[in-house]
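Structure assessment
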Amino acid sequence: MTTHESDIVIIGGGITSAMLALKLSELRPNAHITVVEAGRSIFDVQNRGKYRQRALDYNEHPWPDDFIEDQQAKGIISLTMAVGGLALHWGGACNRFSEEDLRLKSIYGLAADWPIEWSELEKYYVEAERRLNVSGEPSPHPEDRRSVPYPQAPIPLSYNLQVLKNWAEQSGIKFSPLPMARNLSPFDGRGSCCVYDTCGEVCPSGARYSPDFTFRQLIAPKKITLHDRTLVRRLVPHETKSTIVSAQAVHQDRPNDPVEYRAKTFVVASGYCWSSHLLLLSQSARFPNGIANRSSLVGRYMNGHKFINATANIDDQTFPGQNMTHSLISREFFRCPADKPFVRHDTRVWESSAGRDPRLRAADGTLLLGDELMADWRARTKGSSVRLRAYVDVHPSADSQLTLDPANKNRYGDPMPKIEHRFDDATLARQASTKEHVLGVFSRLARASNGRIVNTGEGDYLDHPGGGCRMGTDPATSVTDSYGRTHDHENLFVVGAPTTPTGGCTNGTLTFVALTLRSAERIAG
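Criteria and cut-off values
Residues numbered from 1 in each chain as written. Predicted model: local features only at pLDDT ≥ 70, side-chain atom pairs only at ≥ 80, totals over all residues. Heavy atoms only, no water. Helix = DSSP H or I, 4+ residues; strand = E, 2+ residues; numbered from the N terminus. Rg over C-alpha atoms; globule rule 2.2 N^0.38 Å. Buried < 20%, exposed > 50% of the residue type's maximum accessible area, 1.4 Å probe, protein only. Contact = heavy atoms within 4.5 Å. Areas by Shrake-Rupley, 256 points an atom, 1.4 Å probe, with all protein chains shown as cover. Lys, Arg positive; Asp, Glu negative; His and termini not counted. Charge placed at Lys NZ, Arg CZ, Asp CG, Glu CD. Core = buried A, V, L, I, M, F, W, Y, C linked by side-chain atoms within 4.5 Å. Phe/Tyr/Trp six-rings, centres within 6.5 Å; stacked < 30°, edge-to-face > 60°. Lys NZ or Arg CZ within 6 Å of the ring centre and 35° of its normal. Expected span 1.5 Å × (residues − 1). Arc of directions from axis to C-beta. Salt bridge = Lys/Arg side-chain N within 4 Å of Asp/Glu carboxyl O. Patch = residues over 30% accessible without salt bridge, like charges linked within 9 Å, V, L, I, M, F, W, Y side chains within 5 Å. Pairing = 2+ DSSP bridges. Polar contact = N/O pair within 3.5 Å; in protein donor to acceptor, adjacent residues only side chain to side chain.

Some points on the overall build of the chain
In terms of helices and strands, the chain carries twelve helices and 16 strands. For 525 residues, the compact-globule estimate of 2.2 N^0.38 gives 24 Å, and the C-alpha radius of gyration of the chain, at 24 Å, lies within 12% of that figure. If one aligns the C-alpha atoms of the chain with their principal axes, the spans along those axes are about 75 × 55 × 45 Å. Out of the 525 residues in the chain, the part that is buried amounts to 58%. Counting only contacts in the chain whose residues sit at least 6 apart along the sequence, the fraction spanning at least 24 positions is 74%. When the accessible surface of the chain is summed, it comes to about 21,400 Å², and 49% of that surface belongs to carbon and sulfur atoms. Across the chain, the mean location of the 61 positive side-chain charges is 1 Å away from that of the 60 negative side-chain charges.

A look at the nonpolar core
Formed by 47 residues in total, the largest nonpolar core has its most connected members in Ile10, Leu24 and Leu132. At eight residues, helix 12 (residues 509–524) tops the list of elements feeding residues into this core. Once residues within four sequence positions are removed from consideration, Leu132 is found in contact with Ile15, Met19, Cys94, Ala181, Arg190, Tyr209 and Leu510. In this structure, Val9, Met81, Cys273 and Trp274 belong to the second largest nonpolar core, which totals 43 residues.

Some remarks on the packing of aromatic side chains
What the rule picks out here adds up to six aromatic pairs. Measuring from ring centre to ring centre gives 5.7 Å for Trp118 and Tyr125, while their planes differ by 55°; the resulting arrangement is tilted. When its relative accessible area of 0% is taken as the criterion, Tyr125 is described as buried. By the ring-pair criterion, three or more aromatic residues cluster together here, those being Phe307, Tyr391 and Tyr461. Note that Arg331 overlies the ring of Phe334, its terminal NZ or CZ placed 4.0 Å from the centroid. Directly above the aromatic system of Trp350 lies the positively charged group of Arg387, at a separation of 3.9 Å from the ring centroid.

A word on the side chain of Asn183
By secondary structure assignment, the location of Asn183 is in the loop between strand 3 (176–177) and helix 7 (211–219). Among residues more than four places away in sequence, those in contact with Asn183 are Asn133, Gln152, Arg190, Gly191, Ser192, Cys193, Gly206 and Ala207.

Re unusual backbone geometry
A positive phi is found at Tyr301, a non-glycine position, where the angle reads about 55°. Structurally, the position occupied by Tyr301 is in strand 8 (residues 300–314). Its identity as a non-glycine residue notwithstanding, Asn450 has a phi of 60°, on the positive side. Topologically, Asn450 is positioned in the loop between helix 11 (431–447) and strand 14 (452–458).

With respect to helix 11
Turn by turn, an α-helix covers 3.6 residues, leaving residues three or four places apart pointing in a common direction. Taking 1.5 Å per residue, 17 residues should reach 24 Å; helix 11 reaches 24 Å between its end C-alpha atoms and fits that length. Three or more residues of helix 11 are buried, namely Thr434, Val438, Val441, Phe442, Leu445 and Ala446. Taken down its axis, helix 11 places every buried residue within 140° of arc, on the same side. Exposed and oriented more than 90 degrees from the buried face of helix 11 are Ala432, Glu436 and Arg447. Residues of helix 11 that are buried in the fold lie against helix 6 (159–169), strand 8, strand 10 (347–352), strand 11 (384–393) and strand 14.

Let's talk about helix 7
Along helix 7, the residues that are buried comprise Pro211, Asp212, Phe213, Thr214, Phe215 and Leu218. Where helix 7 is buried, its residues touch helix 1 (15–27), strand 2 (33–36) and helix 2 (48–58).

A few points about the pattern of salt bridges
Per the stated rule, a full pass over the model turns up 36 salt bridges. A single salt-bridge network, built from bridges that share partners, covers Lys23, Glu26, Glu127, Arg131 and Glu521.

Here we look at the environment of Pro62
Here Pro62 shows up in the loop between helix 2 and helix 3 (99–102). What makes Pro62 buried here is its relative accessible area of 14%. Put simply, Pro62 and Asn47 are 15 residues apart on the chain and 10.0 Å apart in space, counted from C-alpha to C-alpha. Discounting chain neighbours no more than four positions away, the residues touching Pro62 are Tyr51, Ala55 and Val202.

Side note on a nonpolar patch on the surface
A surface patch of nonpolar side chains, about 300 Å² in accessible area, is lined by Leu360, Leu367 and Leu369. Mapping Leu367 onto the fold places it in the loop between strand 10 and helix 9 (370–380). On the basis of relative accessible area, Leu367 is assigned to the partly exposed category, the value being 43%.

Re the pairing of strand 1 (residues 2–11)
On a regular strand, each side chain points to the face opposite its neighbour's, so the side chains alternate between the two faces of the sheet. For strand 1 and strand 7 (residues 254–268), the ladder comprises nine bridges, and the chain directions are parallel. Among the inter-strand pairings, Ile8 is bridged to a residue of strand 7, identified as Thr265. Pairing analysis gives four bridges linking strand 1 to strand 2, with the strands arranged parallel. Along strand 2, the bridge assignment pairs Ile11 with Val36.

Some remarks on the side chain of Ser98
Locating Ser98 in the fold gives a position in the loop between helix 2 and helix 3. For Ser98, a relative accessible area of 1% gives the class buried. At a separation of 2.8 Å, a polar atom in the side chain of Ser98 contacts the side chain of Glu100. When near neighbours in sequence (up to four residues on either side) are disregarded, Ser98 contacts Trp118, Arg331, Phe334, Arg335 and Arg344.

Spelled out as structure tokens, the structure:
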């Protein structure tokens with residue numbers, strides 16, 4: 001068995017791991033920090049334009065080998081497992097939660113309060129935005145007050161989004177450009193946005209924040225040690241003390257030569273799925289239900305938010321293809337009067353090409369060629385198609401759960417996770433009225449300028465998921481404290497998405513990063 005000694009071992013290599021490693025290297029420059037990631041290092045930014053082109057030409061996956069074939073989970077929304085994690089190809093959205101998210105129980109009598117004050121979290125939002133170099137515009141709502149301006153001005157709206165903003169605000173609802181972790185000018189070794197319109201796939205200039213840049217900056221001067229393609233399978237507790245003594249792992253190329261990591265402090269930064277999974281896998285005679293699970297809540301209260309979609313056709317003319325990944329956002333419905341029926345959601349507007357692409361056959365099947373094709377295409381590009389979405393605040397029950405699935409094992413015989421999301425009774429009771437409200441908002445937007453809603457739909461999964469190791473002050477009802485330190489093991493932390501008690505009603509990545517930066521100070525101490 002190969003053994004590695006460190007001061008701090010970080011398990012996982014996604015965006016929270018990158019931000020944690022960066023801040024710890026600043027707070028404790030002499031500490032030996034090791035990051036262990038199951039997937040491979042994808043440090044090949046110079047090839048990403050080529051991968052994008054091959055995806056267009058041959059329908060190839062633009063991120064080769066960013067997953068492990070037998071390390072899969074039922075109910076997971078992304079297969080990505082690599083250094084950089086899902087943030088290798090995220091869109092870059094950096095919305096803040098609101099104060100209501102932290103005080104749902106106090107204000108509405110729903111779900112649970114977070115064990116952290118808004119004024120405290122806001123400081124770390126500021127830090128997260130600075131480190132990610134977020135581009136944004138202050139919210140028009142006074143409740144969203146900021147202590148510090150955004151690091152960058154908002155991304156300029158395309159002509160199409162200017163048209164759609166004017167259209168949408170005729171409803172009386174205010175919209176702003178979506179805050180994005182995207183450079184308007186070169187910053188921190190990354191280029192500036194060239195509006196390639198490929199966010200979510202590849203960013204050829206490196207303008208959109210990606211954790212691989214941070215890891216490379218930390219590895220080159222030897223501020224951290226990175227071990228990739230190494231799967232941590234178990235955490236090993238001390239025989240009598242409330243500490244973790246080692247993490248047992250295996251490298252993909254050396255399956256018969258186990259690897260052991262020993263450290264003073266262990267941090268699980270493996271995201272909402274694999275963090276709970278590792279704790280549950282780490283069973284022993286002393287801890288038959290897994291590590292940090294005295295409360296039996298590891299893997300429970302898995303959260304995220306539902307989303308409701310619609311497409312509207314409006315008379316205002318736009319021209320599809322102008323930075324279609326950028327959007328408008330309204331925070332009008334982030335807060336709800338405590339004496340009114342509960343409903344919270346964001347409201348998003350994108351340009352859309354739905355129904356406006358060229359086609360070779362008419363609706364009746366007639367073959368279209370030459371002038372007929374062009375005439376059909378011109379006729380269908382009059383006006384605009386608009387994509388609408390609302391991320392809805394829903395609350396998990398204790399049975400919203402990640403469990404070990406003995407019917408699905410990896411090559412080492414470890415049972416893989418199975419995630420099943422379930423809502424609490426209050427959420428179920430208001431589902432119909434919530435949907436009616438959201439569709440009413442969409443109709444209000446459409447009617448403001450002679451628009452028509454042409455279709456609606458709901459997602460069949462929860463977006464921006466979290467939970468499974470929720471934080472709290474009571475060890476009987478939570479897994480960690482507000483800093484992510486587990487109640488059961490004094491040198492074991494969980495950071496980021498797994499610690500969130502609820503999922504909010506907008507993109508969660510900035511919140512996961514802010515919580516992690518706050519945890520870093522406690523871990524460093």
